[in-house]
Amino acid sequence: MSHRYTFETHLLHNKHKFDPATGGVSVPIHHSSTFHQSSVDKFGKYDYSRSLNPTREALEEIIAELEGGVRGFAFSSGMAAISTAFLLLSKGDHVVVTEDVYGGTYRMVTQVLNRFGIEHTFVDMTDLDAVEQAIRPNTALLYAETPSNPLLKVTDIHAISQIAKKHGAYTFVDNTFMTPYLQRPLELGADIVLHSATKFLSGHSDTVAGLAVVKDEELANRLYSLQNSFGAVLGVQDAWLVMRGIKTLSVRMNQSQESAKNIAGFLQEQPLIKNVFYPGLVNHPQADLQTQQAYGPGAVLSFELEDAEVLTRFIEQVKLPVFAVSLGAVESILSYPAKMSHAAMPLGERVRRGITDGLLRLSVGLESADDLILDFKQALKSIATIAVSKEEV
Ligand SMILES: *Cc1c(COP(=O)(O)O)cnc(C)c1O
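The structure presented is a predicted model; accordingly, all values stated were derived computationally and were not measured.

About the cut-offs
- Residues numbered from 1 in each chain as written.
- Predicted model: local features only at pLDDT ≥ 70, side-chain atom pairs only at ≥ 80, totals over all residues.
- Heavy atoms only, no water.
- Buried < 20%, exposed > 50% of the residue type's maximum accessible area, 1.4 Å probe, protein only.
- Helix = DSSP H or I, 4+ residues; strand = E, 2+ residues; numbered from the N terminus.
- Pairing = 2+ DSSP bridges.
- Phe/Tyr/Trp six-rings, centres within 6.5 Å; stacked < 30°, edge-to-face > 60°.
- Lys NZ or Arg CZ within 6 Å of the ring centre and 35° of its normal.
- Right-handed = clockwise from strand over helix to strand, strands pointing away.
- Core = buried A, V, L, I, M, F, W, Y, C linked by side-chain atoms within 4.5 Å.
- Domains from an automatic or database assignment.
- Contact = heavy atoms within 4.5 Å.
- Axes fitted to C-alpha atoms, helices over the stretch in contact; angles between N-to-C directions.
- Polar contact = N/O pair within 3.5 Å; in protein donor to acceptor, adjacent residues only side chain to side chain.
- Near = heavy atom within 4 Å.
- Areas by Shrake-Rupley, 256 points an atom, 1.4 Å probe, with all protein chains shown as cover.
- Parallel < 35°, antiparallel > 145°, perpendicular 65-115°, else oblique.
- Left-handed = near helix turned anticlockwise from the far one by under 90°.
- Nonpolar A, V, L, I, M, F, W, Y, C, P; charged D, E, K, R; others polar.

(A) Looking closely at the pairing of strand β6 (residues 192–196). When you tally the buried positions in β6, you get five out of five residues, the bulk of the element. Covered by surrounding structure in β6 are Ile-192, Leu-194 and Ser-196 together with Val-193 and His-195, the residues of both alternating faces. Bridge count for strand β5 (residues 170–174) against β6 is three bridges, and the pairing is parallel. Following the sheet pairing, Asp-174 is matched in β6 by Leu-194.

What follows is the structure in structure tokens.
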């Protein structure tokens, strides 16, 4: 990234500020699957859109620049990006994976990669000794997600990358919750940064997309070959939507993050709430680490109610956030990890990881924090009333 400008300015003033052919200030959507070649022996830069398309390429260049990598890749979903990156592994390799990893990644590792002879060990990556102990002679990859989903545990990206390097393994970091505005894993030593661009990067709950950025040229060439071979590329309309979302990334993040801080503080004071998980709270176990490696705690938090019954009532009373899968959007989203993102995880595993039936995840959107807090207040009040009347009966 050019350091003459701040990150915020860079979101708008990059290589794709305007189209060199027309001066258009929005990247053209090239709806062409194939490209005319003007000579038999010398083909142009573009030949077929799975291999390279100018609209997708613009997004790939923008994300590479923002993450500080050599090359970016856009995929049809976050899972397509993650799965294609996993294809860098070979039969007999072993992966060490962060324990409360995204449910889809968990499924990929435990139900797909295992069939191709790729072994795995899950560890709590906040415990660096446990990470060291999980390493085997055939460990080829350390896979981290920080802050993690849904318990917002913070992994030391620099320390993990150092361990990986010592053992000749790669480090991949899922940076979906932070985005490059708040955290840049490649600068901390990671080899590949992965995104569900469905979330904060596009930001409007209107597209499904995935991105990968690579730090090293040779690894980038290998990932390019896999992107082209596997073929799960992002369509041009979606690439354009992600680029439009990226233009407002910093303002959306700032607003949502400020609200998240206020809401986390409010929730922590509520007697009906057992736990609040948010790296912006001073009592979060890795709050200092988060401050060291990222520019903020982000806009996602989770909190725990007594049990599934209380949680159900709470959801019935809350009016503002949508109750849905996903996060990182203009509207606040409440999700129920046990039945949504982590439904693929067996019950015992899930509860052992602290993803209980009373846990809700909140992705804070752009509504006024005061309105959101008032909404939660009224919902908690009505639960309290029900609880009291139950006792009186
Ligand atoms: C949503 C998500 C994914 C998967 O991305 P899709 O775009 O839904 O395929 C991966 N990691 C994290 C942290 C996510 O939140």
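(B) Main features of the packing of aromatic side chains. Taken as a whole and judged by the stated rule, the model has eight aromatic pairs. Grouping aromatic residues by their ring pairs yields a cluster made of Phe-303, Phe-314 and Phe-376. Against the face of Phe-122 rests Arg-353, its NZ or CZ located 4.8 Å from the ring centre.

(C) Focus on the pairing of strand β2 (residues 94–98). Burial runs high along β2: five of the five residues are buried. Inspection of the sheet shows β2 paired to strand β3 (residues 119–123) by five bridges, in the parallel sense. Paired with His-94 across the strands is Glu-119, a residue of β3. With respect to chirality, the unit in which β2 leads through helix α4 (residues 103–112) into the neighbouring parallel β3 is right-handed. Across four bridges, β2 lies against strand β4 (residues 139–145) in parallel orientation. Looking at the pairing, Val-97 lines up with Tyr-143 of β4.

(D) Examining the nonpolar core more closely. Core analysis: the largest hydrophobic core is formed by 50 residues, its most contacted members being Leu-59, Met-125, Leu-142, Ile-246 and Leu-249. Of all elements in the fold, only α2 (54–67), α5 (128–134), β4, α6 (157–166), α7 (179–182), β7 (210–214), α9 (236–247) and α10 (249–268) reach the threshold of two or more residues within this core. Top element by residues in this core is α2. It accounts for six residues. Each of domain 1 (7–247) and domain 2 (249–388) accounts for three or more of the residues forming this core. When sequence neighbours within four positions are dropped, the list of residues in contact with Ile-246 reads Leu-11, Leu-59, Ile-62, Leu-66, Leu-201 and Arg-252.

(E) Focus on the sheet that holds strand β12 (residues 359–363). Overall, mixed pairing links the five strands, which are arranged β8-β9-β12-β11-β10 in an open sheet. A strand with exactly one partner marks an edge of an open sheet, and here the two such strands are β8 (275–277) and β10 (322–323). As paired strands, strand β9 (residues 300–304) and β12 are joined by five bridges and run antiparallel to one another. Directly across from Phe-303, in β12, lies its bridge partner Leu-360. Packed on one face of the sheet, α10 meets β8, β9 and β12 and runs near 10° to β9.

(F) How the structure looks around helix α3 (residues 78–86). The element α3 is largely enclosed, with a buried count of eight among its nine residues. Among the residues of α3, those classed as buried are Gly-78, Ala-80, Ala-81, Ile-82, Ser-83, Thr-84, Ala-85 and Phe-86. Regarding α3, its N-cap is Ser-77, as a side-chain oxygen of that residue lies 3.4 Å from the backbone nitrogen of Met-79 further along.

(G) The sheet that holds β6, seen in detail. Here we have seven strands laid out as an open sheet, ordered β1-β7-β6-β5-β4-β2-β3, and mixed in their pairing. The sheet is open, and its two edges are formed by β1 (71–75) and β3, each paired on a single side. Between one strand axis and the next, the sheet turns through 20° on average, direction left out of account. Two elements, β6 and β7, share five bridges in a ladder whose sense is antiparallel.

(H) The environment of Thr-105, seen in detail. Tracing the sequence through the fold places Thr-105 in helix α4. Note on Thr-105: relative accessible area 0%, which makes it buried. Considering only alpha carbons, one finds Thr-105 and Ala-344, 239 residues apart in sequence, at a separation of 9.8 Å. In contact with Thr-105, not counting residues within four places along its chain, are Met-79, Ile-82, Phe-86 and Tyr-143.

(I) Highlighting the site of the ligand. Around the ligand, the structure places 14 residues, and the nearest of them are Met-79, Asp-174, Ser-196, Thr-198 and Lys-199. For the ligand, an oxygen atom lies 2.8 Å from a polar atom in the side chain of Ser-196. Taking Thr-198, its side chain carries an N or O atom lying 2.7 Å from an oxygen atom of the ligand. Coverage of the ligand by the protein amounts to 92% of the 380 Å² it exposes when considered alone. The element contributing the most residues to the shell around the ligand is α3, with three residues.

(J) Inspection of the packing of α3 against α4 at higher detail. Orientation of α3 relative to α4, taken along the N-to-C sense of each, is 30°, at an axis distance of 10 Å. It follows that α3 is roughly parallel to α4 by the angle criterion. Handedness of the α3/α4 crossing: right-handed. Mapping the contact onto sequence places Met-79, Ile-82, Ser-83 and Phe-86 in α3 and Gly-104, Thr-105, Met-108 and Val-109 in α4. Tallied by class, the residues present in the contact of α3 with α4 amount to five nonpolar, three polar and no charged.

(K) Here's a closer look at the side chain of Thr-110. With respect to the helices, strands and loops of the structure, Thr-110 is situated in helix α4. There is a polar contact of 2.7 Å between the side chain of Thr-110 and the backbone oxygen of Tyr-106. Beyond its immediate sequence surroundings of up to four residues, Thr-110 is in contact with His-120 and Phe-122.

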